[in-house]
Amino acid sequence: MTVGTIAAVDLGATSGRVMLGHVGPNELRLEPVNRFANTPVQTPSGLHWDIHGLYESALEGLAEAARRQPRLASIGIDSWAVDYGLLHGDRLLGSPFHYRDSRTAAGVASVHERVPFAELYALNGLQFLPFNTLYQLEAERADGLLKQADRALLVPDLLAYWLTGQQRAESTNASTTGLLSLSDDGHGTRWNDSLIARLGLPRRLFAPLVQPGERIGTVLPQGASAPGLAGTPVVAVGSHDTASAVVAVPMTDPDAAYISCGTWGLVGVELERPVLTEASRAANFTNEGGVDGRVRFLHNVMGTWLLSESVRVWQQADPSVSLLPLVAAAEAVTGPVAVFDANDPRFMEPGDMPARIAEWCVEHGQPVPASQAEFVRSIIESLAEAFARAVQTASDLSGTSVRTIHIVGGGSQNALLCQLTADHAGVPVLAGPVEATALGNVLVQARAAGFVSGDLESLRALVRANAEPRAYAPRAR
Ligand code: LRH
């Protein structure tokens, strides 16, 4: 086996990047090509993604990748889940909505009237999140917009379509729509036609499914903005960013939990079979589709969103405020700070997070943080507490006795968060890699191209061999 080079497009809720991945049996190296901001746009119709800007930035990165590496083996695309573009023929019907837009509230009620949540959970195994695709589609249906649409493509599928002309639905991300059939051995092979019909959704919206590792198509000459890009295969990866991140969690122990920590903290364990008990429904745990048919049994905790939204608000008064010095100042805070419920729905939508945290503290008789450093400390303590609680619940519900917690993604660089998570959980934390999502994306492509082989455990061994995670031992509390 040789070392091959692959391109990964990885779009997060606040930034995107194109990476080259150099992969062989003993090599795994990422080479950043470009990074760009992902700035949502508020218009009278609501909060939208700047999908054309994102596509353009991805194309710029891919063009540069092809310049640096004329023999790219393939391209793979991942992004956040649930959001989609509606198409009429090849025409996009408006900018995709951001999942933090509040339009879906009415959609939730009307979906649950047709299919009560308990029944939905038995069918799709998904935790309740008000923005799951099926609720968003219900909002479009009620507005009459679906009459004109003949496809709904999730964001990575939409970009892959623009590159290749092929409309496909990658299964890990499709599992977050709530509209896939869930069988005993997991997700991913069939749309749930009867559920789609009961919800009054047109079946034509849903493209044929592909599994991670399958080829979607090749870059069209008109999709190529650089010589050398046309004809490059576009391969399905775990196109849900969290599915790709979980591929690159360097777990060696089956009794491990993971936290994929970026905007969200996705906290859970990997399983062979879904858990659909009454207890897991009550705890709002999800069974999302993973690569190789694994199940991502996890819960969404609010994540670094609480920090980035707070900093955004502080910057409105003082543009010099930035997160890193505040985290350093938070490390120096010694007295007790409020630990609030990071999962409270009031923190979901964009807005004045410090004010909402203060409001929560007043309502619950806790001290309101007195400075920005105290707010940051309080947020990090609260996230660590919520992470530890979710690990415990994942362990109880799945029967996994967690001995290690892996933190991957941007949050793994936050030493205070990692240490406090270990302390709250009373379990050692292993932190890194930071770029787990891009690594998972690259590894699935590399396996499809034959540069590496084996199951997820072999891919994870390669991640670990190339970057040893940093260990945080729990301290007595
Ligand atoms: C993380 C993520 C998460 C979803 C949310 C919409 O980026 O994909 O797994 O629940 O965004």
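For clarity, every value in this text was computed on a predicted model and none was experimentally measured. (Residues numbered from 1 in each chain as written. Predicted model: local features only at pLDDT ≥ 70, side-chain atom pairs only at ≥ 80, totals over all residues.)

Compared with the 20 Å implied by 1.5 Å per residue over 14 residues, the 20 Å span of helix α15 (residues 436-449) between its first and last C-alpha is a close match. With respect to burial, α15 is a largely interior element, 13 of its 14 residues being buried. (Helix = DSSP H or I, 4+ residues; strand = E, 2+ residues; numbered from the N terminus. Expected span 1.5 Å × (residues − 1). Buried ≥ 20, exposed ≤ 12 C-beta atoms within 10 Å, placed from the backbone.)

UniProt records the feature "domain: Carbohydrate kinase FGGY C-terminal" (unreviewed entry) at residues 257-449, using the numbering of this structure. Annotated as residues 257-449, this span is 47% helix and 16% strand, and its ends, taken at the C-alpha atoms, are 29 Å apart. (UniProt positions renumbered as here; feature names shortened; annotations may be inferred.)

On to unusual backbone geometry. For residues that are not glycine, phi is negative in most cases, and the peptide bond is trans in most cases. The omega torsion of the bond from Gly432 to Pro433 falls at 10 degrees, within 30 degrees of zero and hence cis. Within the secondary structure, Pro433 is located in the loop between β21 (429-431) and α15. Here Val82, not a glycine, exhibits a phi torsion of approximately 65 degrees, which is positive. Turning to its location among the elements, Val82 is positioned in the loop between β6 (75-79) and β7 (84-88). We note that Asn284 has phi near 55 degrees; this positive angle belongs to a residue other than glycine. According to the C-beta neighbour criterion, Asn284 is partly exposed, with 16 such atoms within 10 Å.

As a further point, take helix α11 (residues 323-331). Because an α-helix packs 3.6 residues into every turn, residues spaced three or four apart end up facing the same way. Those residues of α11 not exposed but buried are Leu326, Val327 and Ala330. Across the axial projection of α11, the buried residues extend over an arc of 100 degrees, all falling on one side. Contact partners of the buried residues in α11: α13 (372-398) and α14 (415-425). (Arc of directions from axis to C-beta. Contact = placed C-beta atoms within 7 Å.)

Moving on to the packing of α13 against α14. Contact geometry of α13 with α14 gives a least axis separation of 8 Å together with a crossing angle of 45 degrees. It follows from the interaxial angle that α13 and α14 lie oblique. Relative to α14, α13 is oriented so that their crossing is right-handed. Packed against α13, whose contacting residues are Ile380, Glu381, Leu383, Ala384, Glu385, Phe387, Ala388 and Val391, the element α14 presents Leu416, Leu417, Leu420, Thr421, His424 and Ala425 at the interface. Its residues placed into classes, the contact of α13 with α14 shows 10 nonpolar, two polar and two charged. (Axes fitted to C-alpha atoms, helices over the stretch in contact; angles between N-to-C directions. Parallel < 35°, antiparallel > 145°, perpendicular 65-115°, else oblique. Left-handed = near helix turned anticlockwise from the far one by under 90°. Nonpolar A, V, L, I, M, F, W, Y, C, P; charged D, E, K, R; others polar.)

The next subject is the site of the ligand. Looking at the ligand, there are 13 residues lining it, with Trp80, Ala81, Asp241, Thr242 and Trp264 nearest. In terms of residue class, the shell around the ligand is built from seven nonpolar, five polar and one charged. (Near = placed C-beta within 6 Å.)

Looking now at the sheet that holds strand β19 (residues 295-301). Pairing is mixed in the open sheet, where seven strands are placed in the order β18-β19-β17-β16-β20-β21-β22. Each edge of the open sheet carries a strand with a single partner, namely β18 (286-289) and β22 (470-472). Adjacent strand axes in the sheet meet at a mean angle of 30 degrees when their direction is disregarded. The pairing of β21 with β22 spans three bridges and is antiparallel. Along β22, the bridge assignment pairs Val429 with Tyr472. Contacts from α13 reach β16 (256-261), β17 (265-271), β19 and β20 (404-408), with the element oriented near 20 degrees to β17. (Pairing = 2+ DSSP bridges.)

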